[in-house]
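Structure assessment
Each chain, letter by letter, is given below.
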Amino acid sequence: MLIDDVRDSAALRLPAAPFKKDGSLTIAAGTWFQVLKGRSRAQHARGMACCLTEGREWPPNPPRFLTMCLDIPVMAAVEREMAPGRPQSGFTVLVRSLLDLHVYASADHGSQQRRMLEEAYTRAVQHVVEGKPVPQPVLAIEQEKYGVRPVRDRESARAAMARAATDLGFGES
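Fair warning: this is a prediction, and the values are worked out from it, not measured in the lab. (Residues numbered from 1 in each chain as written. Predicted model: local features only at pLDDT ≥ 70, side-chain atom pairs only at ≥ 80, totals over all residues. Heavy atoms only, no water.)

Some words on the overall build of the protein
Spelled out, the test is: Numbering goes from the N terminus for both helices and strands, where a helix is a DSSP run of H or I of at least four residues and a strand is a run of E of at least two. Each residue gets one of three labels from its accessible area relative to the maximum for its type: buried under 20%, exposed over 50%, partly exposed in between, using a 1.4 Å probe on protein chains only. Working rule for contacts: check all heavy atoms of both residues, and any pair within 4.5 Å makes them a contact. The accessible surface values rely on the Shrake-Rupley method and a 1.4 Å probe; as for residues, cover is taken only from the protein chains in view.
Across its full length, the protein holds nine helices and zero strands. For the protein, with 173 residues in total, the buried portion stands at 24%. Put simply, of all contacts in the protein between residues at least 6 apart along the chain, 49% involve residues at least 24 apart. Approximately 12700 Å² of the protein is accessible, and the part contributed by carbon and sulfur atoms is 57%.

Below, the structure written as structure tokens:
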């Protein structure tokens, strides 16, 4: 049905007709056809709504429109959600699951972290495009607040400080 609609509109002879003279699809039309086929109307509507809310280039390129249809956030949104104490979309949870979080957190340079995140993002996009499930979103967990806590039992605190001083060898000559 979709291809018939496209073929009918080709008769209008738009400047960038999707069909060659032999009736086959142009490269651009073939690329768009691959993006559009197999997607539901709801996914197409989600992609169009995303085009309008993002306010970026129009029309988007086919790979970007596919990510819009599949509700895949842009890399910058994933980076923001990776910050501690932020709620995470299901996609960001997927990206985190593809990272070695210890290596990521202990990277020497931000560029190393960026590269690791980009690799995980690319693998997560492929996961979603293949139709595999996305984890549930995670709500923000409030960070533990650091600072001075009031001492409630001064005698216990003095005893603990004395034990620590003895254990650490403070006061010995």
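Some points on the packing of helix α3 (residues 41-54) against helix α4 (residues 62-69)
Packed helix pairs are specified by the crossing angle of their axes together with the interaxial distance, meaning the distance between the axes. To keep it simple, the criterion reads: For helices, the fitted axis covers only the stretch in contact; all axes are lines through C-alpha atoms, and the angles between them, taken along N-to-C directions, range from 0 to 180 degrees. Angles below 35 degrees are treated as roughly parallel, those above 145 as roughly antiparallel, those between 65 and 115 as roughly perpendicular, and all remaining angles as oblique. Following the grouping adopted for this structure description, the nonpolar residues are Ala, Val, Leu, Ile, Met, Phe, Trp, Tyr, Cys and Pro, the charged ones are Asp, Glu, Lys and Arg, and the polar ones are all others, Gly among them.
Two elements in contact, α3 and α4, have axes separated by 7 Å at closest approach and are oriented at 110 degrees. The orientation of α3 with respect to α4, classified from their angle, is roughly perpendicular. Contacts between α3 and α4 involve Q43, H44, R46, G47, M48, C50, C51 and E54 from the former and R64, F65, M68 and C69 from the latter. Class assignment of the residues belonging to the contact of α3 with α4 gives a composition of six nonpolar, three polar and three charged.

A few points about the packing of aromatic side chains
Here is the rule: Aromatic contacts are taken between Phe, Tyr and Trp rings whose centres are within 6.5 Å, Trp giving its six-membered ring; a plane angle under 30 degrees counts as stacked, one over 60 as edge-to-face, and the others as tilted.
A full pass over the atoms with the stated rule returns two aromatic pairs. Between W32 and F65, the ring centres sit 5.7 Å apart and the planes meet at 55 degrees, which makes this aromatic pair tilted. Highlighted residues: W32 in helix α2 (residues 27-36) and F65 in helix α4, separated in sequence by 33 residues. Here F65 falls in the buried class, since its relative accessible area comes to 5%. On the basis of an interplanar angle of 80 degrees and a centroid distance of 5.5 Å, the ring pair of F91 and Y121 is categorised as edge-to-face. Here Y121 lies in helix α8 (residues 110-129) and F91 lies in helix α6 (residues 90-97), a separation of 30 residues in the sequence. Of the two residues, F91 and Y121, both sit in the buried class.

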